[in-house]
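Below are the chains, spelled out letter by letter.
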Amino acid sequence: MVMLKPPAFWRNPEAHLLPALLWPVEKLVIRIARQRQTRPGWRAAVPVLCCGNVTVGGTGKTPVVMDLAQRLIRRGRTPHILARGYGGHVPEGTRVDLTRHKAVDVGDEPLLLAGVCPVWVGGDRILSARRAIEAGADCLLMDDGFQNPGLHKMVSVLVVDGGAGIGNGHVLPAGPLREPLADALARSTAVLVTGEDSTGLLPTLRESGLPVIQAFFAQSAGVAALLDRPCFAFAGLGRPEKFFDTLRAAGVTLAGQRAFPDHHPYRARDLARLEDEARAYGALLVTTPKDHVRLPPEFLSRVSCVGVDLIWQDEAMPEWILDRLLEGGRHGGVVS
């Protein structure tokens, strides 16, 4: 799998030359995306909630899905999660089995999600949905798939990374958007901004008239074990700097850090280099749960893993989202 770093001009709203040159291709991508959304989706017999994004790269969807699944379980529901399984190789509609599947089989995020409730992977969301319902699911959560029209969603939460925003505001390949922001907002029930809004996007989102929710990430309690020695952090995420920043905010002393592309498959040379760098600083290697599940078994005990807690600015809002989902399920309609 070849992982490419996003071009710098995607993050720069003042860069006009390359987006202008790519406009013909961008226009074609927009047309195809809009045509795709005209197809009616299959309506499942249970309510479906999608947490998706409008940009390429990570926005924090997976922790949001985990949080909502845990809340549904506390309500006495039986949620199952549908995920793409990026980088995996199992057949469509496979249920994740933590006793035998690895990240190379089903992707890294599904392994994390499967610690909460059943997870089904594959690009065919209808097949996964059918199998989940047959296995006893009474509601479905989609980790991504916002632009996938195959399965009808009763509630759609558009997740935006507050630190990255929408980049230069252009659609692929001229920018990081998968479709125009206005098109995505038109299909959303609510917008969730994760982290501080450092790009000034909040006013634009609020103009849509949709509920705009904020949530933040903080290192979990396990970070306390890292406070008494220097650490060398590494991560392969959409924005690895988020992990490094949250470690520092928790009081961890970072002697060094190394960023890898999202979903990076760690190889022996990567791990040897990381160990050499950490040893030079007398530091402890630290990474994220998403990265930890991609490490070879013999390396796991040599790396500390620290997760994050999702903190909602308004604790009532995730319950409001689930109320809308379950209310829509009772009436069999779309909740807007």
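Here, every reference points to the structure presented above.
The shown structure was predicted, so the numbers you read here are calculated from the model rather than taken from an experiment. (Residues numbered from 1 in each chain as written. Predicted model: local features only at pLDDT ≥ 70, side-chain atom pairs only at ≥ 80, totals over all residues. Heavy atoms only, no water.)

**Section: the side chain of K153**
In this structure, K153 sits in the loop between β5 (139–143) and β6 (155–161). The charged side chain of K153 is buried without a salt bridge, its nearest counter-charge being E179 at 8.7 Å. At 3.0 Å, the side chain of K153 and the backbone oxygen of G145 are in polar contact. Within the structure, the side chain of K153 is placed 2.4 Å from the backbone oxygen of N148, a separation counted as a polar contact. (Helix = DSSP H or I, 4+ residues; strand = E, 2+ residues; numbered from the N terminus. Buried < 20%, exposed > 50% of the residue type's maximum accessible area, 1.4 Å probe, protein only. Lys, Arg positive; Asp, Glu negative; His and termini not counted. Salt bridge = Lys/Arg side-chain N within 4 Å of Asp/Glu carboxyl O. Polar contact = N/O pair within 3.5 Å; in protein donor to acceptor, adjacent residues only side chain to side chain.)

**A few points about the pattern of salt bridges**
Scanning all chains against the criterion turns up 22 salt bridges. The closest approach of N and O atoms between R75 and D323, which form a salt bridge, is 2.9 Å. In this pair, R75 is assigned in the loop between α3 (61–74) and β2 (79–83) and D323 in helix α13 (residues 316–331), connecting sequence segments 248 residues apart. Its relative accessible area of 41% is what places D323 among the partly exposed residues. Linking K242 and D161 is a salt bridge whose minimum nitrogen-to-oxygen distance equals 3.5 Å. Highlighted residues: K242 in helix α9 (residues 240–249) and D161 in strand β6, separated in sequence by 81 residues. Among the residues examined, D161 registers a relative accessible area of 2% and is labelled buried. Here the salt bridges do not stand alone but share partners, grouping D67, R71, R75, E315, E319 and D323 into one network.

**Some points on the sheet that holds strand β11 (residues 284–287)**
An order of β10-β9-β11-β12 is seen for the four strands of this open sheet, with the pairing classed as parallel. In this open sheet, the two strands that pair with only one neighbour each are β10 (254–260) and β12 (304–305). Alignment of β11 against β12, held across two bridges, turns out to be parallel. Looking across to β12, one finds that T287 is bridged to C305. Contacting β9 (231–236), β10 and β11, α9 crosses the sheet at an angle of about 160 degrees to β10. (Pairing = 2+ DSSP bridges. Contact = heavy atoms within 4.5 Å. Axes fitted to C-alpha atoms, helices over the stretch in contact; angles between N-to-C directions.)

All we've got here are geometric facts, nothing functional implied.
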